[in-house]
Amino acid sequence: AMQIIRDNRYYMPAWAVACDNLRATGEADRANRMLSELAADPEFPAEKKPELIGMLAASGVTGAARKVLATLPAKDPAMPRLRAIVSAAEGNTAKARSEMAAAVKADPNDVGLRLQYAGLLRNANLAADARAQLDDLAKRPLTADERNRTERGYLSLRLPEQAEAVLQPVLKAQPNQAEDT
């Protein structure tokens, strides 16, 4: 991953792998420093900033995440989601839920966003609200991956019947794979 970063400084998947590798070897501080330095790079491409913000927030480097967030246009459609991610990383779950609710309202068809929102609700012990999000998703046409992620959401709420039901279309489409799931 480091070689790829040397060749293409802004290739974010390589940064994710490099930082994960550093964390796995007990060098989380070094990974966080590297991400902070990347965030301070004045030439960092604007189109890659949402991914960097997510990585910074997930790593607990919320100050740098907020600084990068402040450089995005206020009307950027990703802003509500990104603000919610950073607020959640800062431990402000009420603000994160409010911001995520606004993001879902702005784009109710974004399945990944809805799944994130359901996770925030579940983590706040709002199981009924999380289930409502999952139930709405289960009624929609979903890809196999989206169905799998929705299934995991149901399982995290200890709803195995709903989890199995949401996977049925995938299992029917791939009957030879049923034993592997």
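Residues numbered from 1 in each chain as written. Predicted model: local features only at pLDDT ≥ 70, side-chain atom pairs only at ≥ 80, totals over all residues. Heavy atoms only, no water.

## Structural notes on the packing of helix α6 (residues 79–89) against helix α7 (residues 93–106)
Two elements in contact, α6 and α7, have axes separated by 8 Å at closest approach and are oriented at 165°. With respect to α7, the axis of α6 lies roughly antiparallel. Here the hand of the crossing between α6 and α7 comes out left-handed. Together, Pro80, Arg81, Arg83, Ala84, Ser87 and Ala88 of α6 and Lys95, Ala96, Glu99, Met100 and Ala103 of α7 make up the contact between the two elements. Among the residues making up the contact of α6 with α7, the classes are represented as six nonpolar, one polar and four charged. (Axes fitted to C-alpha atoms, helices over the stretch in contact; angles between N-to-C directions. Helix = DSSP H or I, 4+ residues; strand = E, 2+ residues; numbered from the N terminus. Parallel < 35°, antiparallel > 145°, perpendicular 65-115°, else oblique. Left-handed = near helix turned anticlockwise from the far one by under 90°. Contact = heavy atoms within 4.5 Å. Nonpolar A, V, L, I, M, F, W, Y, C, P; charged D, E, K, R; others polar.)

## Quick look at the packing of helix α8 (residues 111–123) against helix α9 (residues 127–138)
Relative orientation of the contacting elements α8 and α9 amounts to 160°, with a least axis distance of 7 Å. Between α8 and α9, the interaxial angle falls into the category roughly antiparallel. For the pair α8 and α9, the sense of crossing is left-handed. Note on element contacts: α9 touches α8 through Asp129, Ala130, Gln133, Leu134, Asp136 and Leu137, opposite Val111, Arg114, Leu115, Tyr117, Ala118, Leu121 and Arg122. Residues that form the contact of α8 with α9 fall into these classes: eight nonpolar, one polar and four charged.

## Let's talk about helix α5 (residues 62–70)
Each turn of an α-helix holds 3.6 residues, which means side chains three or four residues apart point in the same direction. Every buried residue belonging to α5 is among Thr62, Ala64, Ala65, Val68 and Leu69, and all of these are buried. The buried residues of α5 all sit within an arc of 155° when viewed along its axis, so they share a single face. Of the exposed residues in α5, those oriented more than 90 degrees away from the buried face are Lys67 and Ala70. Considering only its buried residues, α5 is in contact with α3 (28–39), α4 (49–58) and α6. (Buried < 20%, exposed > 50% of the residue type's maximum accessible area, 1.4 Å probe, protein only. Arc of directions from axis to C-beta.)

## A word on the pattern of salt bridges
Throughout the structure, instances matching the rule amount to seven salt bridges. Two residues, Arg9 and Asp41, come together in a salt bridge whose shortest N-O distance is 3.2 Å. Here Asp41 lies in the loop between α3 and α4 and Arg9 lies in the loop between α1 (2–7) and α2 (12–24), a separation of 32 residues in the sequence. Of the residues examined, Arg9 reaches a relative accessible area of 36% and is grouped as partly exposed. Taken together, the shared-partner salt bridges in this structure form one network comprising Arg114, Asp136 and Arg140. (Salt bridge = Lys/Arg side-chain N within 4 Å of Asp/Glu carboxyl O.)

## Some points on the nonpolar core
For soluble globular proteins, nonpolar side chains are generally found buried alongside one another. Judged by nonpolar contacts, the single largest core of 29 residues is most densely connected at Trp15, Leu52, Ile53 and Leu56. In this structure, Met100, Leu121, Ala130 and Leu157 belong to the second largest nonpolar core, which totals 21 residues. (Core = buried A, V, L, I, M, F, W, Y, C linked by side-chain atoms within 4.5 Å.)

## Focus: unusual backbone geometry
Positive phi values are uncommon outside glycine, yet Asn125 reaches one of about 60°. For Asn125, the position within the fold is in the loop between α8 and α9. Phi at Arg158 takes a positive value of approximately 60°, unusual for a residue other than glycine. Take Arg158: it is sitting in the loop between α10 (144–156) and α11 (160–173). Classification of Arg158 by relative accessible area gives exposed; the value is 73%.

## So, the packing of aromatic side chains
Note on aromatic pairs: each is described by the distance of the centres and the angle between the planes. As enumerated under the stated definition, the model contains one aromatic pair in all. Where Tyr10 meets Phe44, the ring centres are 5.4 Å apart and the plane angle is 90°; that geometry is what we call edge-to-face. Residue Tyr10 is found in the loop between α1 and α2, and its partner Phe44 is found in the loop between α3 and α4; the two are separated by 34 residues along the sequence. Taken individually, Tyr10 and Phe44 each receive the classification buried, so the pair is uniform in this respect. (Phe/Tyr/Trp six-rings, centres within 6.5 Å; stacked < 30°, edge-to-face > 60°.)

## Here we look at the side chain of Asn32
As for its position among the elements, Asn32 is in helix α3. Classification of Asn32 as buried rests on a relative accessible area of 18%. Not counting chain neighbours up to four residues away, the residues in contact with Asn32 comprise Arg23, Ser59 and Val61.

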